[in-house]
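The chain contents come next:
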Amino acid sequence: MTERLVIEPDLNFIKDVGMLGGEDLKKCYQCATCSVVCPISPDNRPFPRKEMIAASWGLKDKLVKSADPWLCHNCGDCSTRCPRKAKPADVLAAIRAQAISEYSGPKVLANALNNPKMLPILLLVPAVYILIMGTIMGKIFNFQFLNFSPEGTIVHAKMVSTWLVDVVMLTAAGFAALTFFNGVKRFLCDIHQNALAEGKTTQQAIDAGGFIQALIRTIPAILRHAKFNECTENKERGVSHMLVLFAFIGLFIVTSIFFVAIYGLQIHGPYSQLNPVKWLANVSGVALIIGSILLIKTRMSKPDQKSAYKDWLLLGLVLGLGVTGMGAQLTRLAGWAGVSYAVYFIHLILVWFTFAYLPFSKLAHLVYRTVAMTYAEFAGRK
Amino acid sequence: MNKKYGVYICQGCGIGESLNIEKLSEVASDEGYSVKACPALCGKEGVELLKADVAAGVNTLVIAACSPRVLYDTFRFDGCIVERVNIREHVVWSHPRTTWLAPTEEQKDDETFIDHVQMMASDYLKMALAKVEKIKLPEPYKLDTFTKKILVIGGGITGISAAIDAAKAGYEVTIVEKEAALGGNALKWRKQLPTDYPYEKPMAPVIQSKIKELGSYPGIAIKTGTVVARIAGQPGDFTVTFKKPGEKIEFDVPFPLPPEMRVDESGKELEAEKLHARYLEYNQGRVDILTSDPNGEKFGAVVLAAGWRPYQPQENEYAHLGFGVTPDVVTNAHFEEIAAAGKIKRPSDGKEAKSVVFIQSPGQGGGDQDFPYAASVTSLVALKQATYVRADYADGKSFIIYQHMRTPGMTENFYKAVQQDPGVFLTKGQVTKVAKNGAGLIVEADDTLLGKAIQIKADLVVLATGMVPATKDDPVINLAYRQGPAFRDNALFNDYADSNYICFPYETQRTGIYAAGGVRRSMTTEEAMEDATGAALKAIQCLESVNRGVSVHPRSGDLTFPDFFFQRCTQCKRCTQECPFGALDDDERGTPKPNPTRCRRCGTCMGACPERIINFANYSIDSVSSMVKAIKVPSTDDFDEPPLRILGLICENDAYPALDIAGMNRLSWNADVRFIPVRCLGSVNVIWIKDALSKGMDGVFLMGCKHGDDYQCHFVKGSELAEIRVKKIGEALSSLALEPERVAQFQVAIDEYDKIPQMLQEFVGTIEGLGPNPFKGF
């Protein structure tokens, strides 16, 4: 007696997938063209055909608890070839957005990130947080962390103290890390259960050693964009995405070095433009701007592909980070004090936004896709 | 008619290059015919030549040129006998001189040289000359009394539409409905399938507005609470007796004796008089078919729109699906009634039914077959009914589990629109079980698109049962025909009233009676309305053809009809019994009474008649026999190694055109065969086969349509009957020490032209193996 799948369609899930860009989902008539044309789909239980029927039948658990939607790189080969224009790529993107909401608590925050009306409030939070923290810390340490009328040569730390910036950003990063920790723990457990139930794994249990080895094997592939390069429809996107990813890595290195410089070596900024670390910072900043512009251009040139709010939010944020970062520096060098301080403050808000909301926004794919790909490597899913 | 002959030979299209026209002309001129050759007969010069000759009194033209299937109008001369000799497709184009060498200058007068192509052309010309000697110019058959009124049986959407369409075309119509009110099944529906662009939403049934529209035509008489007791006579002159349903009257139609009553104790067929006595006894209280009702109403043609009833499963037929076990498993017809009454509720306890599973295929032993009498309409009805659940409840869910989801034509839009609803779930799958689950139900299905065996909780389960034609339960038409009151062989069409799936919609197996709507096949309202138009037009075509004394279909416009030489009739009744259309009614002694307007001119009676007393003006036992005898059969007196001669009797409907197509495509076939076109293989009289063999021909084959389940015969039974007759002749041949393999029958479809050369080659091979006919040269 085979175990029967009990069907209990979740009508709200179907509606949500529709609102997140998968509104053509129901057009699917299960021909499986998508699974055939997908260059990166595994041979055993390939996607996205099975995801299409599960989604149109509202079987939420089968989808958000599966690693497969994350193996998809949204190249769009399936959507281009779909005879019914059901846009499987966009459906999988919508499923991923649902999974992010599912694993990142609190849910209110996840929902707010998917709601354009909430954007002003979400932006206001870091501004208010910086001001409150600055005031409180000022009272406690009896030090002026905030000064909205700095004088003399432009030094951004004169307006918002580096100490304050670090406290504010580290709390945001800590919150994100904690959220991710909880989410990933549940996510990994669920995708393993799902893989066991659907016969998609060779492993009975997850052992840490094996998993870490799989991670070591996976990371170079991610950096090389090996999967991206298998796509035919959207090849140029691989390059743009690579620019953005390496820009973030570059900026992470720069930030780490300057963190050491400030707290270890007591060297305070602004640093000389001749400093090689500064070169890396500038190259990364430019790469971030170019990469994000290219990504935006690609999306705009593909009217077939659905771009939901979540997509524009992330691209806008990345571009904003690059523009405000470089803008603050250039206006500083130009000596435009007022503009420079204002742009810097916006930059701080966006950086905080990125850190704190990371587990809730589309950027969370950084973590979930890495985990899913690592799991696939670990489970021998090819 | 005093025949004045003219023979014309065309030299165009390669004929002149391939054949020795002079020699060919001599074939006719040696017999005293006037022969004219022309570079291109269909050209201006050629046509003028023909016209001038006709004006000068030529009335029997033998035109040796292209196939009679092309340039029909160019070579049509009214009031003249025109015989076309197909020396283009069947001779020159299919037998190139590269294979069948022309004689060289030295060989030209060499008597021992065998010029196959020239011999073939010369045979065909001789055959045509023999034929025109024997045939007559046909004269139309006119009825003494003729009525143009149309009777529509059935007052549902189809009947109403047909009546309106016929009235719009200016014909008087009477519509009869068994029930007390018009409307039929459509009255019981909440919504109907869309009939207009964009074909996306169910719509209010059109039946009420159609009933209203019907009332606005003064030429339409409406009889409700009425059925047909009998329809006697023939198209153009039907006498119809009406009665109330259930009533017993003397003009109720009599039934033929069942087979077990036709024999005596020893199983021998009774004599005619005894049979008749039994027949009278069996039908006591009912007048014989040949007695006309003096009070009957006259009609010219009938549209049969008697409709359908929902299929009602037997007690334990679908027990595995819970039907009959729980009241919450219903048929789609029952579900429609529930939906029409208000919000969808469970029959068992009246609770709201928010989760409904629609099962399209019963499974269990039946493989992936749908329910009986189902078709695309049952798929569409499931989609329609799925929308009811969604309309009634915001959280309603409709599941459709199908083996086939059939949404042809514009209904694909409807499918797409329903599929788009987030609360409608579709999957292919095999339902294995429906079981009770507390107050509700559990549906289990295997092999679904979800990749796993699934289980769905349901409040209500709906079975997509089909539409049973009214003619399944009752003859309805009650024809006063000797073959019986109902259609014959409807089992070939899954009980629907039809005569050919593809080529002849609306035509039933009875001329003058045209089926439309649910009685013809299960269909949607939109299709039924279109069907009604088709059947009404067919009825009109019938009236207008009968009025001019020509055949309706499939030989539309044919002026001939079977002519019986009764003095020699032996009352064997074969013609009466074998006629596929019930055209003949025999009297108490068994003498056939022809009803020419019922006839479709296939000649099956002519093929059946052992006395050979049934003939057509331009197609007779004698005309074909003469053609057979005109074929020159070479013997050892002529050549050291004489070529074989094989006769092919070719069905005009599919096989002959297929040969033409083969010729047009320059496919070649054996040059030893000679073809004679026949109206239908059913018209082949075995005497022709005997004539051929006794003349020394080495083999005979019949080539016609497929028969059996997927038959393509234009006359339903012709090719099947021919096969039976050919088998019988095989036995007779053995007694003459001739091998039965010398006679064969081949089935071809019109698109199988490319297979014909191989077929012929194999048959010739068989004959070569048997050796020449020993009767040759006698």
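Owing to the predicted nature of the structure, the values given are computational and were not obtained by experimental measurement.

(A) Broad picture of the overall build of chain A. Across its full length, chain A holds 17 helices and one strand. For the C-alpha atoms alone, the extent of chain A along its principal axes is close to 80 × 40 × 40 Å. Taken over 382 residues, chain A has a buried fraction of 42%.

(B) The arrangement of the pairing of strand S9 (residues 237–243) of chain B in detail. Taken across its seven residues, S9 of chain B has six buried, putting it largely inside the fold. In this antiparallel pair of consecutive strands, strand S8 (residues 227–234) of chain B and S9 of chain B, the connection spans two residues, and Gly236 of chain B shows a positive phi of 90°.

(C) Structural context of the interface of chain A and chain B. Counting residues at the interface gives 16 residues for chain A, matched by 16 residues for chain B. Of all elements in the fold, only strand S1 (5–7), helix H1 (11–22) and helix H3 (49–56) of chain A reach the threshold of two or more residues within the side of chain A that touches chain B. Here the side of chain A that touches chain B is built from residues that sort into nine nonpolar, two polar and five charged. Bridge analysis of S1 of chain A against strand S19 (residues 454–458) of chain B gives three bridges, and the strand direction is parallel.

(D) The arrangement of unusual backbone geometry in detail. Omega for the peptide link from Phe47 of chain A to Pro48 of chain A comes to 0°, which places this bond in the cis form. Among the secondary structure elements, Pro48 of chain A is positioned in the loop between helix H2 (33–37) and H3. For the peptide bond that leads from His553 of chain B to Pro554 of chain B, omega is -5°, which places it in the cis range. Tracing the backbone through its elements, the reader meets Pro554 of chain B in the loop between helix H12 (525–548) and strand S23 (563–564). Phi is positive for Lys85 of chain A, close to 55°, though the residue is something other than glycine. Look at Lys85 of chain A and you get exposed, because 11 C-beta atoms sit within 10 Å. Backbone geometry places Arg612 of chain B, a non-glycine residue, at a positive phi of 55°. Note that Arg612 of chain B resides in the loop between helix H14 (604–608) and strand S26 (614–615). By C-beta crowding, Arg612 of chain B is classed as partly exposed, having 17 other C-beta atoms within 10 Å.

(E) Structural context of the environment of Gln571 of chain B. Residues and elements named next belong to chain B. Mapped onto the secondary structure, Gln571 falls in the loop between S23 and helix H13 (574–578). According to the C-beta neighbour criterion, Gln571 is partly exposed, with 14 such atoms within 10 Å. Residues Gln571 and Ala128, 443 residues apart in the sequence, show an inter-C-alpha distance of 34 Å.

(F) Spotlight on the sheet that holds strand S1 (residues 5–10) of chain B. Residue and element names in this part refer to chain B. With parallel pairing, four strands are arranged side by side in an open sheet as S2-S1-S3-S4. Of all the strands in the sheet, just strand S2 (35–38) and strand S4 (81–86) have a single pairing partner and so form its edges. When the angles between neighbouring strand axes are averaged without regard to direction, this sheet yields 20°. Here strand S3 (residues 60–65) pairs with S4 via six bridges, running parallel. Paired with Ala65 across the strands is Asn86, a residue of S4. Set on the sheet, helix H5 (residues 116–134) makes contact with S3 and S4; between it and S4 the angle comes to about 160°.

(G) Structural context of the nonpolar core. Core analysis: the largest hydrophobic core is formed by 211 residues, its most contacted members being Ala163, Val303, Leu304 and Ala539 of chain B. Of the residues forming this core, the biggest block, eleven residues, is contributed by helix H16 (residues 337–357) of chain A. Among residues more than four places away in sequence, those in contact with Ala539 of chain B are Ile150, Ala166, Ala301, Val303 and Tyr514 of chain B. Listed in part, the 101 residues of the second largest apolar core include Met120, Met127, Met627 and Val633 of chain B.

(H) Main features of the sheet that holds strand S14 (residues 355–359) of chain B. All names here are of chain B. Reading across from one edge, S13-S20-S14-S15-S16 is the order of the five strands in this open sheet, with parallel pairing throughout. At either end of the open sheet lies a strand with only one pairing partner, and these are strand S13 (329–331) and strand S16 (424–428). Taking the axes of each pair of neighbouring strands and ignoring which way they run, one obtains an average angle of 20° across the sheet. Where S13 and strand S20 (residues 460–463) come together, three bridges link them in parallel fashion. For Val330, the partnering residue across the bridge sits in S20 and is Val462.

(I) Looking closely at the domain arrangement of chain B. Residues and elements named next belong to chain B. Assigned domains within chain B: domain 1 (1–137), domain 2 (150–249 + 289–309 + 470–548), domain 3 (254–287), domain 4 (318–465), domain 5 (563–615) and domain 6 (619–778). Spacing between the C-alpha centres of domain 5 and domain 6 amounts to 25 Å. Taken together, the contact pairs eleven residues of domain 5 with 15 residues of domain 6. If you tally residues by element for the side of domain 5 that touches domain 6, the top one is H14, at three residues. The residue makeup of the side of domain 5 that touches domain 6, split by class, is three nonpolar, four polar and four charged.

(J) Spatial organisation of the pairing of strand S7 (residues 220–224) of chain B. Residue and element names in this part refer to chain B. Direction of pairing for strand S6 (residues 173–177) relative to S7: parallel, over a ladder of five bridges. By the bridge assignment for S7, Ile175 is matched with Ile222. Handedness of the crossover joining S6 and S7 through helix H7 (residues 207–215): right-handed.

(K) Seen up close, the domain arrangement of chain A. Residues and elements named next belong to chain A. The domains assigned to chain A are domain 1 (11–104) and domain 2 (109–379). A separation of 27 Å is found between the C-alpha centroids of domain 1 and domain 2. On the side of domain 2, 36 residues touch domain 1, which itself brings 27 residues to the contact. Of all the elements in the fold, those that place two or more residues in the side of domain 1 that touches domain 2 are H1, helix H5 (68–71), helix H6 (77–81) and helix H7 (88–103). A breakdown of the residues in the side of domain 1 that touches domain 2 according to their chemical character gives twelve nonpolar, nine polar and six charged.

(L) Just H7 of chain B, in detail. Residues and elements named next belong to chain B. Of all the residues in H7, the buried ones are Ile207, Lys210 and Leu214. Seen end-on, H7 carries its buried residues on one side only, within an arc spanning 60°. Looking at H7, the residues exposed on the side facing more than 90 degrees away from the buried face are Ser209, Lys212 and Gly215.

(M) Quick peek at the packing of helix H15 (residues 621–630) of chain B against helix H17 (residues 686–694) of chain B. Residues and elements named next belong to chain B. H17 packs onto H15 with a crossing angle of 20° between their chain directions and a minimal axis gap of 9 Å. With respect to H17, the element H15 is oriented roughly parallel. For the crossing formed where H15 meets H17, the hand is right-handed. Together, Ile621, Val624, Ser625, Val628 and Lys629 of H15 and Ile687, Trp688, Asp691 and Ala692 of H17 make up the contact between the two elements. Residues that form the contact of H15 with H17 fall into these classes: six nonpolar, one polar and two charged.

(N) Region of the structure containing the packing of helix H10 (residues 376–392) of chain B against helix H11 (residues 411–419) of chain B. Residue and element names in this part refer to chain B. H11 packs onto H10 with a crossing angle of 35° between their chain directions and a minimal axis gap of 10 Å. Seen along the crossing, H10 lies across H11 with a hand that is left-handed. On H11, the residues touching Leu380, Leu383, Ala386 and Thr387 of H10 are Thr411, Phe414, Tyr415 and Val418. Along the lines of polarity and charge, the residues of the contact of H10 with H11 split into six nonpolar, two polar and no charged.

Each value, and the rule that gives it
Residues numbered from 1 in each chain as written. Chains lettered and ligands numbered in written order. Predicted model: local features only at pLDDT ≥ 70, side-chain atom pairs only at ≥ 80, totals over all residues. Helix = DSSP H or I, 4+ residues; strand = E, 2+ residues; numbered from the N terminus. Buried ≥ 20, exposed ≤ 12 C-beta atoms within 10 Å, placed from the backbone. Pairing = 2+ DSSP bridges. Contact = placed C-beta atoms within 7 Å. Nonpolar A, V, L, I, M, F, W, Y, C, P; charged D, E, K, R; others polar. Axes fitted to C-alpha atoms, helices over the stretch in contact; angles between N-to-C directions. Core = buried A, V, L, I, M, F, W, Y, C linked by C-beta atoms within 7 Å. Domains from an automatic or database assignment. Right-handed = clockwise from strand over helix to strand, strands pointing away. Arc of directions from axis to C-beta. Parallel < 35°, antiparallel > 145°, perpendicular 65-115°, else oblique. Left-handed = near helix turned anticlockwise from the far one by under 90°.

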